[in-house]
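Survey of secondary and tertiary structure
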Amino acid sequence: MDAVDQEYLDEIVKSQGVEHGANDVKVVEVVTTEDDLKQMTEELGQGDDDRNQEIILQFLKHILYLWGRDLNSRPVEEKRTMKGKLASATHSQTVTYMRTLFRDLKHKKCQSDILECLIEIVKHLLDKNYLRANDAYYEMAIGNAPWPVGVTMVGIHARTGREKIYAKNVAHVLNDEIQRKYIQGLKRLMTHCQRFFPTDPSRMVNYEAVK
């Protein structure tokens, strides 16, 4: 984790008290039924960008709500441990990180290239194909900037001409600090989505623990 991110988490943890309920995270209930999820699956990516943004916003907020509700259901003793406080702080940090993206989606102002990536990611999440969602996520995060020559030399033999490796369109995560944060937040939501909606192991990713 980036040192600045870790410092931010540490500050949140320090600010949390030990009174009953003090370690609960703030949740905004998003009522999303199984039928709603089926309808989202059918409608997402059908050419209506306004509707696409509505679906993505509702789905990601739903995962954020499920995560927060899960944290708040923990025993008080668990919430008061350092591990418990860190888990709560990570959720609070993610809420902050996702705010800009959620605002853009709400006002139907999400950049077209970002929206294209989000549509693909969320379609795979709705389909519970977490492997493909993960691949789409890394295409979004890494972008189309050529990897440094050193990357091609790690663990593999250098090929003739030192071929450059390409991903997709733009290197979002490298170019914009705000985008870097909500892309990191998106990864956390993907992790929890897989936990809340498990499927066949062949379609799942062995995510590391959320940090």
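Conventions and cut-offs
- Residues numbered from 1 in each chain as written.
- Predicted model: local features only at pLDDT ≥ 70, side-chain atom pairs only at ≥ 80, totals over all residues.
- Heavy atoms only, no water.
- Axes fitted to C-alpha atoms, helices over the stretch in contact; angles between N-to-C directions.
- Helix = DSSP H or I, 4+ residues; strand = E, 2+ residues; numbered from the N terminus.
- Parallel < 35°, antiparallel > 145°, perpendicular 65-115°, else oblique.
- Contact = heavy atoms within 4.5 Å.
- Nonpolar A, V, L, I, M, F, W, Y, C, P; charged D, E, K, R; others polar.
- Buried < 20%, exposed > 50% of the residue type's maximum accessible area, 1.4 Å probe, protein only.
- Polar contact = N/O pair within 3.5 Å; in protein donor to acceptor, adjacent residues only side chain to side chain.
- pLDDT = per-residue confidence, 0-100.
- Expected span 1.5 Å × (residues − 1).

Let us look at the packing of helix H7 (residues 130-142) against helix H10 (residues 177-196). For any two helices packed against each other, one specifies the inter-axial angle together with the distance between the axes. Packing of H7 against H10 leaves a shortest axis separation of 11 Å and a crossing angle of 175°. Taken as axis vectors, H7 and H10 run roughly antiparallel relative to one another. Residues Tyr130, Ala133, Asn134, Tyr137, Tyr138, Met140 and Ala141 of H7 form the contact with H10, whose participating residues are Ile183, Gln184, Leu186, Lys187, Met190, Cys193 and Gln194. The class makeup of the residues in the contact of H7 with H10 is 10 nonpolar, 3 polar and 1 charged.

The residue glutamine 194 is located in helix H10 in this model. Judged by its relative accessible area of 7%, glutamine 194 is buried. A polar atom in the side chain of glutamine 194 sits 2.7 Å from the backbone oxygen of valine 205.

Moving on, we come to the confidence of the model for the chain. On average, residues of the chain score 81 in pLDDT, and 72% of them are at 70 or above. Here helix H8 (residues 149-152) stands out as the element of the chain with the lowest mean pLDDT, 39, in contrast to helix H3 (residues 49-72), whose mean of 97 is the highest. When the criterion is pLDDT under 50, residues 144-174 qualifies, and its contacts beyond four places in sequence or with other chains add up to 43 contacts.

Once that is clear, we can look at helix H5 (residues 82-106). Owing to its 3.6 residues per turn, the α-helix brings residues three or four apart onto one side. For H5, built from 25 residues, the straight-helix expectation of 36 Å at 1.5 Å per residue is met to within 8% by its first-to-last C-alpha distance of 35 Å. A positive phi of about 60° marks lysine 108, the residue just after H5.

Right, let's get into H10. Counted at 1.5 Å a residue, the expected span for H10 with its 20 residues is 28 Å, and the 29 Å between its end C-alpha atoms agrees. Most of H10 sits inside the fold, with 15 of its 20 residues counted as buried.

Another aspect to go through is the environment of alanine 89. Along the chain, the position of alanine 89 falls in helix H5. Judged by relative accessible area, which is 0%, alanine 89 ranks as buried.

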